[in-house]
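# Results of the structural survey
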Amino acid sequence: MHVDETLIRSVVEQVLTRLGGNGNGAASGNYQGRFGLFTDVGQAVAAAREAFERLSRRTLAERKQIVAHIRRISADQRVELGTMEMEETKIGRLQHKIDKLIGAASVPGVEFLHSEVFSGDHGLSVIEHAPFGVICAITPVTHSLPTIACNAISMISAGNTVVVNPHPSGRRVAAEGVRRFNEAIYRDLGIDNLLCVITEPTIETADALFKHRDINLIAVTGGQAVARAAMQQPKRAIVAGPGNPPVVVDETADLDRAARSIIAGAAYDNNLLCISEKEVFVVEQVFDALMAAMDRAGAVRLNAHEVDAFTKVAIASVGEGEHKHDVPARDFLGKDAAVLARGIGKTVPANVELLFGETDESNPFVPVEQMMPFVPFVRARDIDDAIAKAKRAEHGFRHTAMIHSNNVRNMTKMGRAMDTTLFVKNGASMAGLGLGGEGYASFSIATPTGEGVTTPLTFTRERRCTMVDDLRILGK
Ligand code: NAD
């Protein structure tokens, strides 16, 4: 007789839950059928803890099945979910909202896990990668559901469960995505709440999650304030912080290729990506030629007067005293190039992807992470001057930098000076995440805490198991 073990286990777990226990002796609420939606932080963490205990008893094959549901829903329902994200957040570009869900679906999963071994005279030691437990994930408005899907695949592949505090302006699509993932997993494998979401997220709910004793690890994707808040907690935090990626173009570059790459990267989702090209430093010798190449490639140049006018409306000042700083103006953040142009009374065709213009280093568009499709181009005396300016603009975030050059020494010099997590040569920024370059993707690039492009292994603890004097099958 064929026995469906998964089904039996699921029925047993459901009975145990109804009886008020999770099979491990710990008290639990009945959170099955909630599909991960919670307003209460305590309940969300309890449900995710219960789900963690259940997941720990499942096989790796079942973990792959769970992750396959998240991949399938993200990919198959991308148009509906991407449209929902666009309508809710009102920033970025619809096609890219849709494409990013495909990107999220393709990040590394269970197959990425591996063990290491030391084999020698004294036997065998194996290092395995174990889950942390329940992870608190904070996600940005710039890619709400893609970050959640990506984090879920990485974290659950590693055997963890997750409670997400999404950005309030992307909370509805976050909740809908989480509900769909959980419902599919529950119906197939009888396990719910592997991924929980706070449906009315606030800074207070984020803080309560950070401090909850049953949260084993914090994983934050966002700007400076949340990065700082996470790193101040007395528990491990993996922080994917802000960037302000500079581009350097030297006299040996293929200028048409550089222009096409800058447009592709800087205009993607209207410059919302943390890796997107944010300012360009060009050696004097080819400055005018690169500007002409940008024109040819379809970007629209603003003249000096237009740049000044646009800077006045698109950069705002916030904070008081020593905390006063420039930020992108809300009306323009993530909006189309045509909307930006309209802000200064200029009309450009709706299909224009990027505006650009010459500025000097002191223009606020250089230091500010603008997240809108206008990029400042700054003249540099030579490669050393360009790299020095790029270094200042990056603020020591050590996030992402680009160079367009055919001089390997200049590439090396910039790579060493910038010390960034991603360094892309002769391509668009996305190439650093496997889109048009080699390697894999993630929506969380851990920068200040140093884990880099996150994978399932990022969310694991090392455990070593040693057998003394035996199990090495080789002779002396
Ligand atoms: P944000 O910093 O405004 O918000 C990010 C998340 O943090 C949101 O969920 C928000 O509610 C929460 N938050 C903000 N302040 C907080 C605090 N003090 N305590 C607890 N939670 C807090 O950023 P955003 O506008 O949503 O996203 C854009 C930013 O995120 C950019 O700076 C971008 O570079 C960065 N980002 C980085 C990566 C990366 O992989 N390194 C990826 C995406 C975005």
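Residues numbered from 1 in each chain as written. Predicted model: local features only at pLDDT ≥ 70, side-chain atom pairs only at ≥ 80, totals over all residues. Heavy atoms only, no water.

### Digging into the sheet that holds strand 1 (residues 37-38)
Basically, it comes down to this: Strands were regarded as paired on the criterion that DSSP finds at least two bridges between them. Numbered from the N terminus, helices here are DSSP runs of H or I no shorter than four residues, and strands are runs of E no shorter than two. Between two residues, a contact is recorded if the distance between any of their heavy atoms is within 4.5 Å. Only the stretch in contact is used when fitting a helix axis, every axis being a line fitted to C-alpha atoms; angles between N-to-C directions are given from 0 to 180 degrees.
Read from one edge to the other, the open sheet built from 6 strands follows the order 1-6-5-4-7-8, with strand pairing classed as parallel. A single partner strand is all that each edge strand has here, and the edge strands are strand 1 and strand 8 (237-240). The sheet contact formed by strand 5 (residues 161-165) and strand 6 (residues 195-198) spans 3 bridges and is parallel. By the bridge assignment for strand 6, V164 is matched with V197. Sheet contacts for helix 7 (residues 171-189): strand 1 and strand 6; angle to strand 6, the most-contacted strand, approximately 155°.

### Brief notes about the nonpolar core
Short version of the rule: Here the nonpolar core consists of buried residues drawn from Ala, Val, Leu, Ile, Met, Phe, Trp, Tyr and Cys, with membership extended through side-chain atoms lying within 4.5 Å. Per-residue accessibility, obtained with a 1.4 Å probe over protein chains only, is compared with the maximum for each type, and a residue is labelled buried under 20%, exposed over 50%, and partly exposed between these values.
Of all hydrophobic cores here, the largest spans 43 residues; its most connected members are I66, I70, I156, L194 and L195. Not counting residues up to four positions away in its chain, the partners in contact with I156 are L55, R63, I66, I70, N151, V162 and L194. A266, L290, L354 and F377 belong to the second largest nonpolar core, which has 27 residues in total.

### With respect to unusual backbone geometry
Here the phi dihedral of F35 falls at roughly 50°; this positive angle occurs in a residue that is not glycine. Within the secondary structure, F35 sits in the loop between helix 1 (5-18) and strand 1. Exposure remark for F35: the relative accessible area of 14% places this residue in the buried category. Here M371, not a glycine, exhibits a phi torsion of approximately 50°, which is positive. Relative to the elements of secondary structure, M371 occurs in the loop between strand 14 (355-358) and strand 15 (374-380). Overall, M371 belongs to the buried group, its relative accessible area being 16%.

### Thoughts on the pairing of strand 16 (residues 400-404)
Applicable threshold: By definition, the crossover connecting two strands over a helix is right-handed if that path, from the first strand to the second, turns clockwise as seen with the strands pointing away from the viewer.
Burial analysis of strand 16 places 5 of its 5 residues in the buried class, which makes it a mostly covered element. Note that strand 9 (residues 246-249) and strand 16 share 3 bridges and pair parallel. Looking at the pairing, V247 lines up with M402 of strand 16. Relative to strand 17 (residues 422-425), strand 16 runs parallel, the two sharing 4 bridges. Bridge assignment links A401 to a residue of strand 17, and that residue is F423. Each parallel crossover has a hand, and the one from strand 16 via helix 15 (residues 408-418) to strand 17 is right-handed.

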